[in-house]
Amino acid sequence: MQNTQPLSSGLPSAHLPDADLVSQAALGDASAFTEIMRRHNRLLFRTARSILKNDAEAEDALQEAYLSAWRALKGFRSEAMLSTWLVRIVVNESLGRLRRKTASVIPLDAAMNAIDSDIQASLSDNPEHHPDYAVMQTQMRQLLEARIDLLPEAFRTVFMLRAVEELSVEQIAHALDIPEATVRTRFFRARSLLREGLASQMDIALNDTFAFDGARCDRIVAGVLDRAKAEGLSNPKTE
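Only a predicted model underlies this, so the values are computations on that prediction, with no experimental measurement involved.

On to the overall build of the protein chain. Summing up its helical and strand segments, the protein chain has eleven helices and zero strands in all. Starting at the N terminus and walking to the C terminus, you meet the elements of the protein chain as α-α-α-α-α-α-α-α-α-α-α. Per-residue burial for the protein chain yields a buried fraction of 32% across its 239 residues. Of the accessible surface of the protein chain, which amounts to about 14,800 Å², a share of 54% is contributed by carbon and sulfur atoms.

Structure, rendered in structure tokens:
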């Protein structure tokens, strides 16, 4: 993934600070701008994806934003963070695309009054009737069951009886022959453990959300370099 070709400074690109890469890329050094892209591709793709909600559109927006950034590099102030500056450019490009896209979208009230029955059905249908909802519910149930199985036995039984079977605290205390205070304590602790476990799994899953694999990274870099060459942004001797 990393471009390790030496730049004019003699150092491999991966070892240069952003400021040096900006200076050289502003002079048309394609390898310097390649390293800038590879360093920030994942952050910027996810930024565009969060606005456009479409992988292909996010890639297009990112390439256009990179070209805009390359054209403006000579005006970049080194005291600012390059990543923040690039995010701002990507956000502006993505929002511009979104505005152009939604300009022709039928307003909600017009869609509800439209003759097209498919539009009305898609807007008014109960989400529980959609296939994706059923899949999501199944996955969530399996995740919860797996986490409940990991609870200590004493906590697990109380949780099952209280949260799943919805027995009262008094009923559970009588059934398990334990004080009501113990039921409350175990239920509270079980719920806390479940939340901690689910939060941990969510944190892990978030790292893989909208994955940015090597192929996508390479595709974006190649696309930008091709267009930069056509526009004369890059110096042929650095390609």
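A few words now on the packing of helix H9 (residues 169-176) against helix H10 (residues 180-207). Two elements in contact, H9 and H10, have axes separated by 8 Å at closest approach and are oriented at 105 degrees. Here H9 is positioned roughly perpendicular relative to H10, judged by the angle of their axes. Contacts between H9 and H10 involve Val169, Glu170, Ile172 and Ala173 on the former and, on the latter, Glu180, Val183 and Arg184. The class makeup of the residues in the contact of H9 with H10 is four nonpolar, no polar and three charged.

Attention now goes to the pattern of salt bridges. All chains considered together, the criterion is met by twelve salt bridges. Residue Arg39 pairs with Asp18 through a salt bridge whose shortest N-O separation is 2.8 Å. Residue Arg39 is located in helix H2 (residues 30-52), and its partner Asp18 is located in helix H1 (residues 18-26); the two are separated by 21 residues in the primary sequence. For Glu145, the salt bridge goes to Arg141, with nearest N and O atoms at 3.2 Å. Note that Glu145 and Arg141 are positioned in helix H7 (residues 131-149) at a spacing of four residues, about one turn of the helix. In this structure, a network of salt bridges that share partners links the residues Arg49, Asp55, Glu59, Arg216 and Arg219.

Right, let's talk about the packing of aromatic side chains for a bit. Scanning the model with the defined rule gives four aromatic pairs in all. Note on Phe33 and Tyr66: the rings are 5.9 Å apart at their centroids and 85 degrees apart in plane angle, and the pair reads as edge-to-face. In this pair, Phe33 sits in helix H2 while Tyr66 sits in helix H3 (residues 55-71), placing the two residues 33 residues apart along the sequence. Among the residues examined, Phe33 registers a relative accessible area of 1% and is labelled buried. Seen in terms of ring centroids, Phe33 and Trp70 are 4.3 Å apart; in terms of plane orientation they differ by 10 degrees. Their pairing is stacked. A residue pair is termed long-range when its members are at least 10 positions apart, and Phe33 in helix H2 and Trp70 in helix H3 qualify at 37 residues. Here a set of aromatic residues connected by ring pairs shows up, and it is made of Phe33, Tyr66 and Trp70.

To continue, consider unusual backbone geometry. Of note in this structure, Lys53 is not a glycine but carries a positive phi near 55 degrees. Structurally, Lys53 is set in the loop between H2 and H3. On the basis of relative accessible area, Lys53 is assigned to the exposed category, the value being 65%. Non-glycine residue Asp177 carries a positive phi angle of around 60 degrees. Looking at the element boundaries, Asp177 is found in the loop between H9 and H10.

Now for the environment of Asn41. Within the secondary structure layout, Asn41 lies in helix H2. With 25 residues separating them along the chain, Asn41 and Tyr66 place their C-alpha atoms 9.8 Å apart. In contact with Asn41, not counting residues within four places along its chain, are Leu62, Tyr66, Phe212, Cys217, Ile220 and Val221.

Right, let's talk about the side chain of His40 for a bit. For His40, the location among the structural elements is in helix H2. His40 has contacts with Asp18, Tyr66, Leu82, Ser83 and Leu86, leaving out every residue within four places of it along the chain.

Okay, the nonpolar core next. Generally speaking, nonpolar side chains in soluble globular proteins are found buried as a group. Of all hydrophobic cores here, the largest spans 32 residues; its most connected members are Phe33, Ile36, Tyr66, Trp70, Trp85 and Val224. At the level of secondary structure, the elements contributing two or more residues to this core comprise H1, H2, H3, helix H4 (82-102) and helix H11 (214-231). Counting residues per element, this core draws most heavily on H2, which supplies eight residues. If sequence neighbours within four positions are ignored, Trp70 has contacts with Ala25, Gly28, Asp29, Ala30, Phe33, Val224, Leu225, Ala228, Leu233 and Ser234. Membership of the second largest hydrophobic core comes to 13 residues, among which are Phe159, Ile178, Val183 and Leu194.

Reading guide: rules and limits
- Residues numbered from 1 in each chain as written.
- Predicted model: local features only at pLDDT ≥ 70, side-chain atom pairs only at ≥ 80, totals over all residues.
- Heavy atoms only, no water.
- Helix = DSSP H or I, 4+ residues; strand = E, 2+ residues; numbered from the N terminus.
- Buried < 20%, exposed > 50% of the residue type's maximum accessible area, 1.4 Å probe, protein only.
- Areas by Shrake-Rupley, 256 points an atom, 1.4 Å probe, with all protein chains shown as cover.
- Axes fitted to C-alpha atoms, helices over the stretch in contact; angles between N-to-C directions.
- Parallel < 35°, antiparallel > 145°, perpendicular 65-115°, else oblique.
- Contact = heavy atoms within 4.5 Å.
- Nonpolar A, V, L, I, M, F, W, Y, C, P; charged D, E, K, R; others polar.
- Salt bridge = Lys/Arg side-chain N within 4 Å of Asp/Glu carboxyl O.
- Phe/Tyr/Trp six-rings, centres within 6.5 Å; stacked < 30°, edge-to-face > 60°.
- Core = buried A, V, L, I, M, F, W, Y, C linked by side-chain atoms within 4.5 Å.

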